[in-house]
Amino acid sequence: SRNFNQPDAASKQRNVNDGSFTDQFLGQISWEVDFWGKYRRGEQADQASLESSKAALESSLVSLKASVANAYINARIYANRIQVANANLREQAENMRIAEARYRLGASSEIDWRQAQTQFEQTQSQIPALRSSLEQSQNALSVLIGETPDYFAKHYSASLAADLPKIPAVLPLGVPADLLRRRPDVRQAEFIAISQSARIGQAEAALYPSFSLSGSIGFQTMPDGRDLFSWDSRTINYGAGFSFPLFDRGALLRKVKVQDISFQQAVLSYQNQVLTAQQNVEDALSSFFNSKAQL
């Protein structure tokens, strides 16, 4: 920095109309002794918040993958159902032709012919609805992978009519507790509670006195014209500081209470997330095994 110093009237320097310039190069440093863990707890809280954000990102990716898989399987199912409906339609058309011929020849009643005709038309009316559902699944799949809605229909619609994927005979579940720990939404809620717990310690540390050390070292030009960075131009200052929260202690206590309540809320949210995850796992396993039995 360059400071303009106005000379003092009682000094032996130049008069007030003849001010002088002083060049300075100064570095300062200060350090607060972390007796009560304010900075350590703050670092723990920030690290837990970072892990929570990572888990949130992973949870979003898992949801995206699940949505892509669900849209793809739905598209495959609708394509196969259209194939089945077209095969049934051909058979029912032949049955209707035979029923009409038998009726014309007097070998059966008109009701048999009308029943065959009704069954044919009911199957025929299902195909447009199935095509609409197929197109909607393809559009959703295209958007989920970041493309225009017609992308999948243009490039991959021919592969949808292949056989559906086989259901695995055994699911690699492992220990149920490990299955829950793999869920990123559970880990996210856990790290939020950990971060909030550290915030309590950080708020409590503000109730106690703090000690700090500070110092500065630099160079300053002298009136005798010595070089700025010569050793004789050095300036060194150091000191210690002490502060104690005396008049705002009530406000600090209320901040601790707020952080404690927030921690209790985070713990309840974590517990609720674990219970919800357990329900989701049990529902999914029940649906999987009973669907296999139904098949």
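So, the overall build of the chain
Stage number 1. Across its full length, the chain carries six helices and four strands.
Stage number 2. Taken from N to C terminus, the helices and strands of the chain fall in the order β-β-α-α-α-α-α-β-β-α.
Stage number 3. Buried positions account for 22% of the 295 residues belonging to the chain.
Stage number 4. About 20,500 Å² of surface is accessible on the chain, with carbon and sulfur atoms providing 55% of the total.

Quick word on the nonpolar core
For soluble globular proteins, nonpolar side chains are generally found buried alongside one another.
Stage number 1. Residues Met 96, Leu 134 and Leu 160 are the most contacted members of the largest nonpolar core, which totals 17 residues.
Stage number 2. Among the elements of the structure, helix H1 (38-104) and helix H2 (110-144) are those that each provide at least two residues to this core.
Stage number 3. It is H1 that provides the largest number of residues to this core, a total of eight residues.
Stage number 4. Among residues more than four places away in sequence, those in contact with Met 96 are Trp 113, Ala 116, Gln 117 and Phe 120.
Stage number 5. Counting seven residues, the second-largest nonpolar core is a separate cluster that includes Val 186, Val 274, Ala 277 and Leu 285.

Notes on the pattern of salt bridges
Stage number 1. With the rule as written, the count across this model stands at 10 salt bridges.
Stage number 2. Across the pair Arg 199 and Asp 46 runs a salt bridge, and its minimum N-O distance is 3.0 Å. Placement of Arg 199 in helix H5 (residues 184-205) and of Asp 46 in helix H1 is noted, with a sequence separation of 153 residues between them.
Stage number 3. Ionic pairing is found between Glu 51 and Lys 54, a salt bridge with its closest N-O pair at 3.8 Å. Of this pair, Glu 51 and Lys 54 are both found in helix H1, three residues apart, which corresponds to roughly one turn of the helix.
Stage number 4. Look at Lys 54 and you get partly exposed, because its relative accessible area is 46%.

Looking at the packing of aromatic side chains
Stage number 1. Per the stated rule, a full pass over the model turns up nine aromatic pairs.
Stage number 2. Relative to Phe 211, the ring of Phe 35 lies with its centre 5.4 Å away and its plane at 90 degrees, an arrangement referred to as edge-to-face. Linking Phe 35 in the loop between strand S2 (20-33) and H1 with Phe 211 in strand S3 (residues 210-220), this pair joins segments that are 176 residues apart in sequence.
Stage number 3. Ring centres of Phe 288 and Phe 289 lie 5.2 Å apart, and the angle between their planes is 75 degrees; this geometry places the pair in the edge-to-face category.
Stage number 4. Using a relative accessible area of 44% as the deciding quantity, one classes Phe 289 as partly exposed.
Stage number 5. Members of the aromatic cluster, joined through ring pairs, are Phe 35, Trp 36, Tyr 208, Phe 211 and Phe 242.
Stage number 6. Over the aromatic face of Trp 113 sits the side chain of Arg 114, whose NZ or CZ is 4.0 Å from the ring centroid.

Digging into helix H6 (residues 249-294)
Stage number 1. Taking 1.5 Å per residue as the helical rise, H6 with its 46 residues ought to reach 68 Å, and the 67 Å between its terminal C-alpha atoms agrees with that figure.
Stage number 2. Elements in contact with the buried residues of H6: helix H4 (176-181) and H5.

A look at the environment of Ser 59
Stage number 1. Position of Ser 59 relative to the elements: it lies in helix H1.
Stage number 2. Exposure remark for Ser 59: the relative accessible area of 18% places this residue in the buried category.
Stage number 3. The residues touching Ser 59, leaving out its near neighbours within four places in the chain, are Pro 184 and Asp 185.

Some thoughts on the side chain of Gln 196
Stage number 1. As for its position among the elements, Gln 196 is in helix H5.
Stage number 2. Once residues lying within four places of it in the same chain are set aside, the contact partners of Gln 196 are Gln 259, Ser 262, Phe 263 and Ala 266.

Quick look at the confidence of the model for the chain
Stage number 1. In the predicted model, the chain carries a mean pLDDT of 85, and 89% of its residues have values of at least 70.
Stage number 2. Segment residues 1-18 is flagged for pLDDT under 50; beyond a separation of four residues in sequence, or across chains, it makes 23 contacts in the model.

Things to note about the packing of H5 against H6
Stage number 1. Running from N to C, H5 and H6 point in directions that differ by 165 degrees, and their axes come no closer than 8 Å. With respect to H6, the element H5 is oriented roughly antiparallel. As for the relative orientation of H5 and H6, their crossing is left-handed in sense. Counted together, Asp 185, Val 186, Ala 189, Glu 190, Ile 192, Ala 193, Gln 196, Ser 197, Arg 199, Ile 200, Ala 203 and Glu 204 of H5 and Lys 255, Val 256, Gln 259, Asp 260, Ser 262, Phe 263, Ala 266, Val 267, Tyr 270, Gln 273, Val 274 and Ala 277 of H6 form the full contact between these two elements.

Considering the side chain of Ser 108
Stage number 1. The residue Ser 108 is located in the loop between H1 and H2 in this model.
Stage number 2. With residues up to four places along the chain from it excluded, the contact list for Ser 108 reads Ala 99, Arg 102 and Tyr 103.

A few points about the packing of H1 against H5
Stage number 1. Running from N to C, H1 and H5 point in directions that differ by 165 degrees, and their axes come no closer than 8 Å. Taken together, the axes of H1 and H5 lie roughly antiparallel to each other. Our pair here, H1 against H5, has a crossing hand that is left-handed.
Stage number 2. Classifying every residue of the contact of H1 with H5 gives 11 nonpolar, 10 polar and eight charged.

The rules behind these values
- Residues numbered from 1 in each chain as written.
- Predicted model: local features only at pLDDT ≥ 70, side-chain atom pairs only at ≥ 80, totals over all residues.
- Heavy atoms only, no water.
- Helix = DSSP H or I, 4+ residues; strand = E, 2+ residues; numbered from the N terminus.
- Buried < 20%, exposed > 50% of the residue type's maximum accessible area, 1.4 Å probe, protein only.
- Areas by Shrake-Rupley, 256 points an atom, 1.4 Å probe, with all protein chains shown as cover.
- Core = buried A, V, L, I, M, F, W, Y, C linked by side-chain atoms within 4.5 Å.
- Contact = heavy atoms within 4.5 Å.
- Salt bridge = Lys/Arg side-chain N within 4 Å of Asp/Glu carboxyl O.
- Phe/Tyr/Trp six-rings, centres within 6.5 Å; stacked < 30°, edge-to-face > 60°.
- Lys NZ or Arg CZ within 6 Å of the ring centre and 35° of its normal.
- Expected span 1.5 Å × (residues − 1).
- pLDDT = per-residue confidence, 0-100.
- Axes fitted to C-alpha atoms, helices over the stretch in contact; angles between N-to-C directions.
- Parallel < 35°, antiparallel > 145°, perpendicular 65-115°, else oblique.
- Left-handed = near helix turned anticlockwise from the far one by under 90°.
- Nonpolar A, V, L, I, M, F, W, Y, C, P; charged D, E, K, R; others polar.

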